[in-house]
There are 2 protein chains.
Amino acid sequence: MAGTDQTKKESAPAGATPAIVLVAPQLGENVGTAARAMLNFGLTELRLVSPRDGWPNPRARSAASGADIVIDGAKLYDESTAAVADLDYVIATTARPRDMVKPIFTPETAATKLREVIAGGGKAGILFGPERTGLTNDDVVLADAVLMVPVNPAFASLNLAQAVLLIGHEWFKAADRTPAERVEYQATRPATKEELLGFFEHLEGELDRFGFLKPPEKRPSMIRNIRNLFQRAGMTEQEVRTFRGIVAALSRREPKGD
Amino acid sequence: MAGTDQTKKESAPAGATPAIVLVAPQLGENVGTAARAMLNFGLTELRLVSPRDGWPNPRARSAASGADIVIDGAKLYDESTAAVADLDYVIATTARPRDMVKPIFTPETAATKLREVIAGGGKAGILFGPERTGLTNDDVVLADAVLMVPVNPAFASLNLAQAVLLIGHEWFKAADRTPAERVEYQATRPATKEELLGFFEHLEGELDRFGFLKPPEKRPSMIRNIRNLFQRAGMTEQEVRTFRGIVAALSRREPKGD
């Protein structure tokens, strides 16, 4: 604020996202598939440090499969230090532990941390190293924390776009409100208990008429078993009507099909 | 058990995993990258229903980048029904909602459910449709639940291997014990408070000697600020020694460098 020497941060613009910083990526195609994976999860800020095959790169655009907004907005840097200079918080992705004392996050923890930084008005970024070698230790030192994806130790190689995809997925999940489990009803709705009981009485009436619910001492438990199955299935109103139709069709004196 | 008509299930063999069922995959390369993504997260049982480009497929093996155990073990089926016949629980992956009343899971919920089924001795599988069109409604009907990956609605296309990767990741995570955040100490350990206090006293002694901690009424708060920074950094024993060396070097009467 005016009159103090403290820089007061604006709070993050709505939808602010961490920068994805690819350090010395080798293949343009991998930059493209990484851009595509970014946009799948709403990440749009791509930074490239000395891409080996130059920039712009037509193979990157083609591999991005329509994620042009990411490719067109990519910023180019000569050095990792320049690419992170305006950031407040940086996480380095590595496949193997480094001999450094630094917090190591799972992707989920990293996503939560990045959300916190950005919600507080900070700018954040995630560093990814070249395909073959990963980040140098000098690049890792630039970071506040390290991110390692837990994988099958016997087959641990993730490619660049896959690493970006998994981290993008966790970033997206951290703010996603999709219910863990849901059911969508389009032209129908769950049956009411009254509709369900009407169906049960219809079915049981016909079963009585055809002599199925015998002997009498078994009748109550047979009815409970039948009702339980339909309860468990969570019938819709439409399904109740369909099944009443089935019971009616099967209980006619003569088959009516032609 | 003998004498009853109930089939008693063996509990799942250690490490049992859900089958990945690719229905009518088009490109052999995509089967290969899906196999690679599977093995990254310890999934090894691949089932293929009428792969368009035939099987075995050299492009699949090449794209699998060493996930030969998955490629070599793949089983081939003519129909989806045959591919799921021995399974107890099936989840269908879809990119768009279908007009069906069926539970819709996030990848995380699906992973938890699959773990539960398998822990109970059941066999489980996940269906993936062809690249261009996804599963048919007749295939989705085979499933107990549907899995949709929440993605950026403005750019939602995930390729086959990416969908397998994300679901494999959630499967792996559901049983992974990696701490959310950890610090690895290789040749060192966190400094004890005694070591830290020794360093503070050394530093403050030199600062007093050089007249930095003035005026006297500010001295306590200056010390608190300095100590707070080093506390927050979580110094190691090695770092304490390094910083004591730095203080000693800087407080010599004459620079010693040559």
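Notes on the structure follow. (Residues numbered from 1 in each chain as written. Chains lettered and ligands numbered in written order. Predicted model: local features only at pLDDT ≥ 70, side-chain atom pairs only at ≥ 80, totals over all residues. Heavy atoms only, no water.)

### Some points on the overall build of chain A
Here is the rule: The way it works is that DSSP assigns letters per residue, a run of H or I at least four long becomes a helix, a run of E at least two long becomes a strand, and they are numbered from the N terminus. In this setup the radius of gyration rests on C-alpha atoms only. A globule is expected at 2.2 Å times the number of residues raised to 0.38. Relative accessibility thresholds used throughout: buried, under 20% of the residue-type maximum; exposed, over 50%; partly exposed, between the two (1.4 Å probe, protein chains only). We call two residues contacting when some pair of their heavy atoms lies within 4.5 Å. Surface exposure here means Shrake-Rupley accessible area, sampled with a 1.4 Å probe, where a residue is shielded only by the protein chains that are shown. Counting rule applied: Lys, Arg positive; Asp, Glu negative; His and chain ends not counted. Here the site of a charge means atom NZ of a Lys, CZ of an Arg, CG of an Asp or CD of a Glu.
Looking only at helices and strands, chain A features ten helices and eight strands. The C-alpha radius of gyration of chain A comes to 30 Å, more than 25% above the 18 Å expected for a compact globule of 258 residues. Among the 258 residues that make up chain A, the fraction classed as buried is 45%. Residue pairs in contact within chain A that sit at least 24 positions apart in sequence constitute 82% of those at least 6 positions apart. Of the roughly 13,900 Å² of accessible surface on chain A, a fraction of 53% belongs to carbon and sulfur atoms. The positive charge centre, built from 32 side chains, and the negative charge centre, built from 33, are 7 Å apart in chain A.

### Quick look at the packing of helix H1 (residues 28-40) of chain B against helix H7 (residues 160-173) of chain B
Residue and element names in this part refer to chain B. The following threshold applies: Axis definition: a line fitted to C-alpha atoms, limited for helices to the stretch in contact. Angles are taken between N-to-C directions and run from 0 to 180 degrees. An angle below 35 degrees is read as roughly parallel, one above 145 as roughly antiparallel, one from 65 to 115 as roughly perpendicular, and any other as oblique. Only Asp, Glu, Lys and Arg are considered charged, only Ala, Val, Leu, Ile, Met, Phe, Trp, Tyr, Cys and Pro nonpolar, and every remaining residue, Gly among them, polar.
The interhelical angle for the contact between H1 and H7, taken along N-to-C directions, is 10°, at an axis separation of 8 Å. Viewed along their axes, H1 and H7 adopt a mutual orientation that is roughly parallel. Where H1 abuts H7, its residues Asn30, Thr33, Ala34, Ala37, Met38 and Asn40 lie against Leu160, Ala161, Val164 and Leu165. Of the residues contributing to the contact of H1 with H7, the split by class is seven nonpolar, three polar and no charged.

### Regarding the interface of chain B and chain A
Rules: We define buried area as the total accessible area lost by two parts upon association, computed with a 1.4 Å probe and summed across both. Salt bridge criterion: a side-chain nitrogen from Lys or Arg within 4 Å of a carboxyl oxygen from Asp or Glu. The definition of a polar contact used here is a pair of N or O atoms within 3.5 Å, where within protein one atom must be able to donate a hydrogen and the other to accept one, and adjacent residues in sequence count solely through side-chain atom pairs.
Between chain B and chain A, the contact holds 52 residues from the first and 52 residues from the second. Counting each side, the surface lost to burial between chain B and chain A is near 4,100 Å², with a carbon and sulfur contribution of 58%. Ranking the residues of chain B by area buried against chain A places Val101, Ile104 and Phe155 of chain B at the top, with a combined share of 16%. In this structure, the connection of chain B to chain A is made through four salt bridges. Linking glutamate 108 of chain B and lysine 173 of chain A is a salt bridge whose minimum nitrogen-to-oxygen distance equals 2.7 Å. There are 22 residue pairs in polar contact (both at pLDDT 80 or more) connecting chain B and chain A.

### A short note on the nonpolar core
What counts, and what does not: Working definition of a nonpolar core: buried Ala, Val, Leu, Ile, Met, Phe, Trp, Tyr and Cys residues. They are joined through side-chain atoms within 4.5 Å.
Ranked by size, the top nonpolar core spans 84 residues in total, and within it Leu46 of chain A together with Leu46 of chain B carry the most contacts. Look past the residues within four positions of leucine 46 of chain A in its chain and what remains in contact with it is Ile20, Leu22, Val31, Ala35, Met38, Val70, Gly73, Ala74 and Lys75 of chain A.

### Examining the pairing of strand S1 (residues 19-23) of chain B
A regular strand carries its side chains on alternate faces of the sheet. Residue and element names in this part refer to chain B. This is how it is decided: When DSSP finds at least two bridges between two strands, those strands are taken to pair.
In terms of burial, S1 is a largely internal element, five of the five residues being buried. As paired strands, S1 and strand S6 (residues 124-128) are joined by four bridges and run parallel to one another. Bridging from a neighbouring strand, leucine 22 pairs with phenylalanine 128 of S6. Of the pairings in the sheet, the one linking S1 to strand S2 (residues 46-49) comprises four bridges and is parallel in character. In the sheet register, valine 23 faces S2, and the bridge partner there is valine 49.

### Brief notes about the pattern of salt bridges
The final tally for this structure, using the stated rule, is 30 salt bridges over all chains. Residues aspartate 68 of chain B and arginine 61 of chain B are paired through a salt bridge, measuring 3.6 Å at the closest nitrogen-oxygen approach. Owing to a relative accessible area of 37%, arginine 61 of chain B belongs among the partly exposed residues under this scheme. Here the salt bridges share partners, and the residues they tie into one network are Glu45, Arg47, Lys75, Asp86 and Lys123 of chain A.

### Focus: the sheet that holds strand S4 (residues 89-93) of chain A
What holds strands together in a sheet is hydrogen bonding between their backbones, with the strands either parallel or antiparallel. The strand order across the open sheet formed by eight strands is S3(A)-S2(A)-S1(A)-S6(A)-S4(A)-S7(A)-S5(A)-S8(B), and the pairing between neighbours is mixed. What marks the edges here is a single partner per strand, and that holds for strand S3 (75-77) of chain A together with strand S8 (181-182) of chain B. Bridging between strand S2 (residues 46-49) of chain A and S3 of chain A involves three bridges; their strand directions are parallel. Counted as the bridge partner of arginine 47 of chain A is lysine 75 of chain A from S3 of chain A. Set on the sheet, helix H1 (residues 28-40) of chain A makes contact with strand S1 (19-23) and S2 of chain A; between it and S2 of chain A the angle comes to about 155°.

### Here we look at the side chain of arginine 98 of chain B
Looking at the secondary structure, you find arginine 98 of chain B in the loop between strand S4 (89-93) and strand S5 (104-105). Salt bridges are absent for the buried arginine 98 of chain B, whose nearest opposite-charge side chain, aspartate 139 of chain B, sits at 8.0 Å. Side-chain polar atoms of arginine 98 of chain B contact the backbone oxygen of leucine 135 of chain B, separated by 2.8 Å. For arginine 98 of chain B, the residues in contact, after removing those within four places along its chain, are Gln186 of chain A together with Gly134, Leu135, Thr136, Asn137 and Val140 of chain B.

### Thoughts on unusual backbone geometry
All names here are of chain A. That bond from lysine 214 to proline 215 is cis: its omega, -5°, falls within 30 degrees of zero. Structurally, the position occupied by proline 215 is in the loop between helix H8 (193-209) and helix H9 (219-233). At alanine 24, a residue that is not glycine, the phi angle is positive and equals roughly 50°. Among the secondary structure elements, alanine 24 is positioned in the loop between S1 and H1. Alanine 24 sits in the partly exposed class, given a relative accessible area of 27%. Phi angles above zero are rare outside glycine, and serine 50 is one such case at about 45°. Here serine 50 is to be found in the loop between S2 and helix H2 (58-63).

Honestly, that's just the spatial picture; any functional story needs more than this.
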